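Letter by letter, the chains look like this.
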Amino acid sequence: MNTPPDIVRVAYVDLVVTDLQRARDWWVDLIGFHVQDEAPGVLYLRGYEEFVHHSVVLREGPIAACARIGFRVRTDDCLDRAEKFFRDRGCAVQRVAAGATTGLGEAVRAVDPLGFTLEFVHQMERVEPLVQRYDLRRGASINRLDHVNVATPSIDDSYEVYTDLGFGLSETIEDTADGTLYATWMFRKQTVHDMAFTMGSGPMLHHVAFAVPESHNILGLADVLGAHDQAHWIERGPGRHGVSNAFYLYLRDPDGHRIEIYTTDYFTGDPDHEPIRWDVHDERRRDFWANPIVPTWYSGSVPVLDLDGNPTPIVEQAAKETTAAKKVTVGADGLGTVVDDD
Ligand code: 4SX
Ligand code: FE2
């Protein structure tokens, strides 16, 4: 087996939106992203704790979709390693010249065995630090891209591929009785995750999560959305996750892209770090206060594009976490109740 590329972190997403002005009003004015750069039909955004050109590209196009998920690699050699890693697995691979995306050096694009288009890059343009520009922060006070969560019908396959790519496992949701894996959280940087895999029809993008300084930034955003009569953008939360222990809020943008505002998970960098395994019947797994999860959160995801920019066909999901979980629910009072399957 060849050496995989040394991935530093998930670094950016390239998303298609159907109305760029509408997306700008939402992402920049309401949620609080910083506009680093723009050109006709495209917007480059970052958070206030990011020192490189962008963590989000929004491009205007015909359907809401995820064009690719970007990873920063440690050295230029890692581009060859990425190319070989995916070619050896029979995946479609493309080399892209520096500057193909503003702010990025030479890149390797590959469709992983699950159907997700990934991009690997070493060189990213460094830009002016904004960490202490408190005068510019607004909305949720976005700091940085934290992770990308994708929906796929085979969590087992994603676990295998991303383990080979050098990812560690921080947490799982599984049926401890029959061994079915419903979700995994996997990391390269020393947090709970860079990538999470959620059982669902796929390949599809489930959400993109951004770290903010503290839980009060999340509560503050929810209050501001309420005050502007814009609370309908909230899909789930605010709440405390079981998995990851992070404080969270999920929003859907005007195109249906799901954004998570996320803060204060934990360090995973010790060499003997061990995964935390949640049983799928534990109602605290996704919301530690056992608040019910809205059904749209499990189903709504957006298509991903292949290397030619065409939507990738979707395969139906294999098993339903919600159905498994409904057999026994544990209320906020800690008492278990039996509920019918849906
Ligand atoms: O819903 S979960 O508590 O399982 C969860 C979902 C934990 C961490 C995340 O980032 C997430 O999106
Ligand atoms: Fe998340």
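Residues numbered from 1 in each chain as written. Chains lettered and ligands numbered in written order. Predicted model: local features only at pLDDT ≥ 70, side-chain atom pairs only at ≥ 80, totals over all residues. Heavy atoms only, no water.

Chemist: Explain the coordination of the iron ion (ligand 2) here, please?
Modeler: Octahedral six-donor coordination of a metal ideally yields angles of 90 or 180 degrees, compared with 109.5 degrees for tetrahedral four-donor coordination. In the first shell of the iron ion (ligand 2), the protein supplies His147 (NE2), His207 (NE2) and Glu260 (OE), at 2.0 to 2.2 Å from the metal. Between consecutive donor residues of the iron ion (ligand 2), the sequence gaps follow H-x59-H-x52-E. A residue pair is termed long-range when its members are at least 10 positions apart, and His147 in strand β9 (residues 144-152) and Glu260 in strand β16 (residues 258-263) qualify at 113 residues. By the burial criterion, His147 is buried, and Glu260 matches it. (Donors = N, O, S within 2.8 Å, 3.2 Å for Na, K, Ca; no water. Helix = DSSP H or I, 4+ residues; strand = E, 2+ residues; numbered from the N terminus. Buried < 20%, exposed > 50% of the residue type's maximum accessible area, 1.4 Å probe, protein only.)

Chemist: Just checking my understanding: could you explain the nonpolar core for this structure?
Modeler: By size, the foremost hydrophobic cluster in this structure holds 78 residues, and its most contacted members are Trp27, Leu58, Tyr162 and Ile261. At seven residues, the largest contribution of residues to this core is made by helix α1 (residues 20-31). The residues that make up this core include at least three from each of domain 1 (7-121) and domain 2 (144-303). Residues Ala11, Tyr12, Val121 and Met124 belong to the second largest nonpolar core, which totals eight residues. (Core = buried A, V, L, I, M, F, W, Y, C linked by side-chain atoms within 4.5 Å. Domains from an automatic or database assignment.)

Chemist: Got a minute to help me understand the pattern of salt bridges in this structure?
Modeler: Pairing of side chains with opposite charge becomes possible as their charged atoms draw close. All chains considered together, the criterion is met by 25 salt bridges. In this structure, Asp164 engages Arg89 in a salt bridge whose closest nitrogen and oxygen atoms are separated by 3.4 Å. On the criterion of sequence distance, the pair formed by Asp164 in helix α3 (residues 155-164) and Arg89 in the loop between α2 (77-88) and β6 (93-96) is long-range, its members being 75 residues apart. Residue Arg95 pairs with Glu106 through a salt bridge whose shortest N-O separation is 3.2 Å. Separated by 11 residues along the polypeptide, Arg95 in strand β6 and Glu106 in the loop between β6 and β7 (107-111) bring together distant segments of the chain. Overall, the relative accessible area of 34% leaves Arg95 in the partly exposed class. A network of salt bridges, in which partner residues are shared, links Asp14, Arg59, Arg68, Arg109 and Glu119. (Salt bridge = Lys/Arg side-chain N within 4 Å of Asp/Glu carboxyl O.)

Chemist: I would appreciate a short explanation of the environment of Arg87 in the present structure.
Modeler: When you line up the elements, Arg87 lands in helix α2. When its relative accessible area of 46% is taken as the criterion, Arg87 is described as partly exposed. On a C-alpha basis, the gap between Arg87 and Val111 in space is 9.9 Å, while along the polypeptide they are 24 residues apart.

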